[in-house]
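Chains, contacts and geometry: an overview
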Amino acid sequence: MNFERVFQMLGGGGKTSYAKNSQLQEKAVIKIKPLVEESIQQICKTIPEKLVVADLGCSSGPNTLLVLSQIINAVYEYCTQSSQQKPEIQYFLNDLPNNDFNNIFQLSVQYEKKIREEKGDDYVPFYVVGVPGSFYRRLFPSKSVNIFHSSYSVHWLSQVPEGLEEEGSHLNEKEIYINKGSSSIVADLYLKQFMRDFSDFLKSRSKELIFGAGRIILSFLGRADWQSIGGLLYTWGLIAEALNAMVLEGLVEEDKLNAFNLPFYSPSMEEVISIINMEGSFQLEKVQTFDSNWDPFDLSNDNFVEDKSLSGKNVSNYMRSITEPLIASHFGNDIIEDLFSRYAKNITRHMFAGKPKFLVFILFLKLKDEEQAICG
Ligand SMILES: C[S@@+](CC[C@H](N)C(=O)[O-])C[C@H]1O[C@@H](n2cnc3c(N)ncnc32)[C@H](O)[C@@H]1O
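Description of the structure in this document. Just so it is clear, the model here is predicted, and its values are computed rather than measured.

Remarks on unusual backbone geometry
Positive phi outside glycine occurs at S59, with the angle close to 60 degrees. For S83, which is not glycine, the phi torsion reads 45 degrees and is therefore positive. Mapped onto the elements of the fold, S83 is located in the loop between α4 (62–81) and β2 (88–95). On the basis of relative accessible area, S83 is assigned to the exposed category, the value being 69%.

A look at empty space enclosed by the protein
Under the definition given, this model contains 3 cavities of 30 Å³ or more. Lining the largest cavity are 40 residues, with M9, G57, Y152, S153 and W156 positioned closest to its centre. Those elements that provide at least two residues to the lining of the largest cavity are α1 (3–6), α2 (23–31), α4, β4 (147–151), α7 (232–248) and α10 (308–331). Grouping the amino acids of the lining of the largest cavity by side-chain chemistry returns 21 nonpolar, 16 polar and 3 charged. In this structure, the second largest cavity spans a volume of roughly 50 Å³. Forming the walls of the second largest cavity are M9, L10, G11, G12, Y18, A19, S60, G61, D100 and N103.

So, the pattern of salt bridges
In the structure shown here, the tally under the stated rule is 20 salt bridges. Here K203 ties to E279 by a salt bridge, and the two come within 3.3 Å at their closest N and O atoms. Of this pair, K203 sits in helix α6 (residues 184–208) while E279 sits in helix α9 (residues 269–279); the two residues are 76 residues apart in sequence, bridging distant segments of the chain. For K203, a relative accessible area of 40% gives the class partly exposed. Among the salt bridges present, the one from R223 reaches E271, with a minimum N-O distance of 3.0 Å. Here R223, found in the loop between β7 (215–222) and α7, pairs with E271, found in helix α9; they are 48 residues apart in sequence, far enough to count as distant.

Some points on the site of the ligand
Contacts to the ligand come from 19 residues, most closely from Y18, G57, N63, D95 and S151. Here an oxygen atom of the ligand sits 3.1 Å away from a polar atom, N or O, in the side chain of S153. Look at the ligand: alone it shows 600 Å² of surface, and the protein chains cover 98% of it. The site holding the ligand turns out to be the largest cavity.

With respect to the packing of α7 against helix α11 (residues 336–350)
Running from N to C, α7 and α11 point in directions that differ by 125 degrees, and their axes come no closer than 9 Å. Considered as vectors, α7 and α11 are oriented oblique to each other. Handedness of the crossing formed by α7 with α11: right-handed. Residues Y234, T235, L238, I239, E241, A242, L243, A245 and M246 of α7 form the contact with α11, whose own contacting residues are D338, L339, F340, R342, Y343, N346, I347, R349 and H350.

About the cut-offs
- Residues numbered from 1 in each chain as written.
- Predicted model: local features only at pLDDT ≥ 70, side-chain atom pairs only at ≥ 80, totals over all residues.
- Heavy atoms only, no water.
- Helix = DSSP H or I, 4+ residues; strand = E, 2+ residues; numbered from the N terminus.
- Buried < 20%, exposed > 50% of the residue type's maximum accessible area, 1.4 Å probe, protein only.
- 1 Å grid on protein atoms, 1.4 Å probe; cavity = no way out; pocket = protein on both sides within 12 Å on 5 of 7 lines; lining within 4 Å.
- Points joined across faces, edges and corners; volume = space filled by probe spheres on them.
- Nonpolar A, V, L, I, M, F, W, Y, C, P; charged D, E, K, R; others polar.
- Salt bridge = Lys/Arg side-chain N within 4 Å of Asp/Glu carboxyl O.
- Near = heavy atom within 4 Å.
- Polar contact = N/O pair within 3.5 Å; in protein donor to acceptor, adjacent residues only side chain to side chain.
- Areas by Shrake-Rupley, 256 points an atom, 1.4 Å probe, with all protein chains shown as cover.
- Sits in = over half its atoms within 2 Å of the grid points.
- Axes fitted to C-alpha atoms, helices over the stretch in contact; angles between N-to-C directions.
- Parallel < 35°, antiparallel > 145°, perpendicular 65-115°, else oblique.
- Left-handed = near helix turned anticlockwise from the far one by under 90°.
- Contact = heavy atoms within 4.5 Å.

So, in structure tokens, the structure goes:
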């Protein structure tokens, strides 16, 4: 399967669309606001005429505009307080070619009209450009971008790990990601693919970022260990369980299930830091982590899920908004309703063990100066 060609969030505005189910990602965007402000302050100190920002894996939901508005507000606040000329902003929206760029262009035009009316002469001019392509390759000319932002995206690999499907034999039968039934070889292949991809990501950005105040602000799903009840092993394992039940009932072909693996990896912090160090271009300025309930609508901090059935449906809708196009391209559209209804029930059952939470990593990276980069 060519992942880059089939992968996209579920479009439109329906109940299971990404636009209606991206509250978890919104939390990460809100968390990174102070880092966005810090970067803008650093860059604006040099009184630039223009500021170039790129949102990598922007998708087409409301969070895309939230990031854009954070940047514009930070520039507005800083320049107003320091009585400084506001720079023009070149704002690049990147995602894979199947992304619904039309929707996000329409939303950004509406947003521009709204803030032009609100701010009048005080308006921060910005120009939005779409950049289709994989962020695991070069996307911009050398030394041309001040800030890279990427939220909830780099845990998606460029492809299913190389070596998982060897000459017709499937190394991860009955599973769709690393799970208790997977061999250590499977976990190894996933880690190797993540190492290759994340290094390529950093290498490409190191060429494109403007040295000095330039920063990368990244958030993505990580893991503390493999076994915690909120681990991604369970998130995906409960979908695999539903698929296996459908195989037994003759609704899904066994071979199809055995040949399906997700191009996804949630690294540990040690793995991330070791890749950053090995790649060698960047220095980790700040690291934060936070927990986020699986159910995007559950805002409480306790460990008890009040309405497990509702939470199961919420999580299932959220996961469907991210994976439906990918799963449908492999198994066909016909299984989708049934699959995600079974998945919701599996999640509900899982929630009797406690409240599962995702672990989110936030990284703030700057380029090492040349001397440091050479010395490693
Ligand atoms: C879960 S969405 C996050 C979207 C948005 N940043 C947010 O916070 O709501 C992940 C996005 O990353 C994109 N993506 C995944 N792999 C990519 C790649 N290699 N290059 C560019 N975009 C990619 C997907 O198409 C998807 O739109």
